[in-house]
Amino acid sequence: MRYIDTHCHIGRLYVGNDGLLTEEAVLSAMDRAGIERAALLPIESPEEAHFYVTTEEVLGVCRRHPDRFIPFCNVDPRIASGDNSAILRERLRQYREQGCRGYGEAMSGLAVDDIRLQRVYAICGEFGMPVVYHMDAERNLDAPGFPGLERMLRQFPSTVFVGHGQRFWAEISGDADSSQYGGYPSGPVTPGGAIVRLLETCSNLYADLSARSALNALTRGPDPAFASRFLERFQQKLFFGSDLCSASQAAQPLPIMELLQRERAAGRLSETAFRRIARENALRVFALSETHCCPRP
Ligand SMILES: [Zn+2]
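Criteria and thresholds
- Residues numbered from 1 in each chain as written.
- Predicted model: local features only at pLDDT ≥ 70, side-chain atom pairs only at ≥ 80, totals over all residues.
- Helix = DSSP H or I, 4+ residues; strand = E, 2+ residues; numbered from the N terminus.
- Contact = placed C-beta atoms within 7 Å.
- Core = buried A, V, L, I, M, F, W, Y, C linked by C-beta atoms within 7 Å.
- Buried ≥ 20, exposed ≤ 12 C-beta atoms within 10 Å, placed from the backbone.
- Pairing = 2+ DSSP bridges.
- Axes fitted to C-alpha atoms, helices over the stretch in contact; angles between N-to-C directions.
- Parallel < 35°, antiparallel > 145°, perpendicular 65-115°, else oblique.
- Nonpolar A, V, L, I, M, F, W, Y, C, P; charged D, E, K, R; others polar.
- Right-handed = clockwise from strand over helix to strand, strands pointing away.

Enquirer: Talk me through the overall build of the protein chain; I want residue IDs and the actual numbers.
Expert: Helix and strand counts for the protein chain stand at 12 helices and 8 strands. Taking the principal axes of the C-alpha coordinates as reference, the protein chain spans close to 50 × 40 × 35 Å. Sequence-distant contacts, at least 24 apart, represent 78% of the contacts inside the protein chain between residues at least 6 apart.

Dropping the structure here:
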């Protein structure tokens with residue numbers, strides 16, 4: 001069984017880091033890790049990284065490797081001026097038509113319930129494109145306990161939200177505070193975490209396990225069984241993701257993959273839960289075919 005990665009990048013993202021410049025580099029990292037297909041997330045907001053990787057570039061790469069890459073689209077929600085609803089809709093409509101399966105990653109320096117993001121949520125719900133969003137101390141801002149995110153989940157019930165990032169995962173714990181929103185908190189996860197409550201009660205909230213933040217949330221406390229309990233409980237709402245951004249990262253084994261495999265081998269993670277997280281949830285939620293990547297543009 002091979003993984004589907006719902007959160008990957010291509011191109012140069014940061015000054016001082018060459019990134020995964022070429023599609024060949026990403027493909028060989030995927031081959032090494034046993035990843036069959038990866039979603040490529042464009043970077044189109046200035047707060048996201050140090051360079052842009054446009055949706056057009058991502059679509060070009062995906063057209064050359066339709067069996068390996070799944071195109072996502074991104075449009076900065078602040079694009080144009082005034083009421084930009086028609087512009088957002090037209091760009092997203094064109095991207096959907098060209099085969100994009102998701103929006104993101106949403107990573108602008110706006111409140112998570114900003115009116116411009118609400119336009120994106122509404123359109124993505126209508127077009128069946130899940131929104132992958134990153135929350136930290138500066139992006140997709142919200143008050144403690146995620147009241148804004150909860151409002152969005154309820155206001156846009158047809159829109160699938162896939163959370164990720166330090167702030168998102170800090171709120172796994174009931175005692176999360178603002179000093180943790182950009183970091184990797186340690187210590188036991190206490191009951192009452194906002195994302196636990198929202199994953200439980202909102203059918204349209206999902207999460208991806210990419211980057212260090214998810215791994216940290218699963219392994220931060222002293223309880224060695226916490227990770228497998230969480231993975232089992234939310235096995236229908238989690239996706240494997242790499243968030244590969246650099247060549248050095250791609251050269252290492254992915255710690256989240258190691259954790260999934262270790263828990264499965266130890267019998268703490270059921271085969272069903274493992275398959276759902278590694279592959280099957282992605283097929284279902286992003287409406288991918290079992291045998292080929294995505295609709296040809
Ligand atoms: Zn990312």
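Enquirer: Break down the nonpolar core for me, citing the residues and quoting the values.
Expert: Counting 89 residues, the largest nonpolar core has Leu 40, Val 131 and Ile 277 as the members making the most contacts within it. The dominant element in this core, judged by the number of residues it contributes, is helix 12 (residues 271–285), at 6 residues.

Enquirer: Hey, could you go over the sheet that holds strand 1 (residues 3–8) for me, with residue numbers and the actual values?
Expert: The 8 strands are arranged 1-2-3-4-5-6-7-8 in an open sheet whose pairing can be described as parallel. Looking along the sheet, the strands with just one partner apiece sit at the ends: strand 1 and strand 8 (238–239). Of the strand pairs in this sheet, strand 3 (residues 69–73) and strand 4 (residues 102–106) are connected by 2 bridges, and their pairing is parallel. The partner of Cys 73 across the bridge, within strand 4, is Tyr 103. Relative to the sheet, helix 2 (residues 55–64) contacts strand 2 (35–40) and strand 3, its axis offset from that of strand 3 by approximately 165°.

Enquirer: Explain unusual backbone geometry to me, using residue names and the numbers behind them.
Expert: Between Gly 104 and Glu 105 the backbone carries a cis peptide bond, its omega angle lying at 10°. Structurally, Glu 105 can be placed in strand 4. Of note, the phi angle at Ala 211 is positive, near 70°, even though the residue is not glycine. Inspection of the secondary structure puts Ala 211 in helix 8 (residues 211–219). Positive phi values are uncommon outside glycine, yet Asp 243 reaches one of about 50°.

Enquirer: Quick rundown of the environment of Arg 276? Include the residues and the values.
Expert: Relative to the helices and strands, Arg 276 resides in helix 12. Owing to 22 C-beta atoms within 10 Å, Arg 276 belongs among the buried residues under this scheme. Taking C-alpha positions, Arg 276 is 8.7 Å from Lys 237, a pair spaced 39 residues apart along the chain. Setting aside chain neighbours within four positions, we find Arg 276 in contact with Gln 235, Gln 236 and Asn 281.

Enquirer: So what's going on with the packing of helix 8 against helix 11 (residues 255–265)? Which residues, and what values?
Expert: Their axes nearest at 9 Å, the elements helix 8 and helix 11 cross at an angle of 40°. The pairing of helix 8 with helix 11 is recorded here as oblique in orientation. For the pair formed by helix 8 and helix 11, the contact residues are Ala 214, Leu 215 and Leu 218 on the first element and Pro 255, Ile 256 and Leu 259 on the second. Its residues assigned to classes, the contact of helix 8 with helix 11 comprises 6 nonpolar, no polar and no charged.

Enquirer: I'd like a description of the pairing of strand 4, backed by residues and values.
Expert: Summarising burial for strand 4: 5 of the 5 residues are buried, a large majority. With 2 bridges joining them, strand 4 and strand 5 (residues 131–134) adopt parallel strand pairing. The partner of Tyr 103 across the bridge, within strand 5, is Val 131. On the question of chirality, the crossover connecting strand 4 to the parallel strand 5 by way of helix 4 (residues 115–127) is right-handed.

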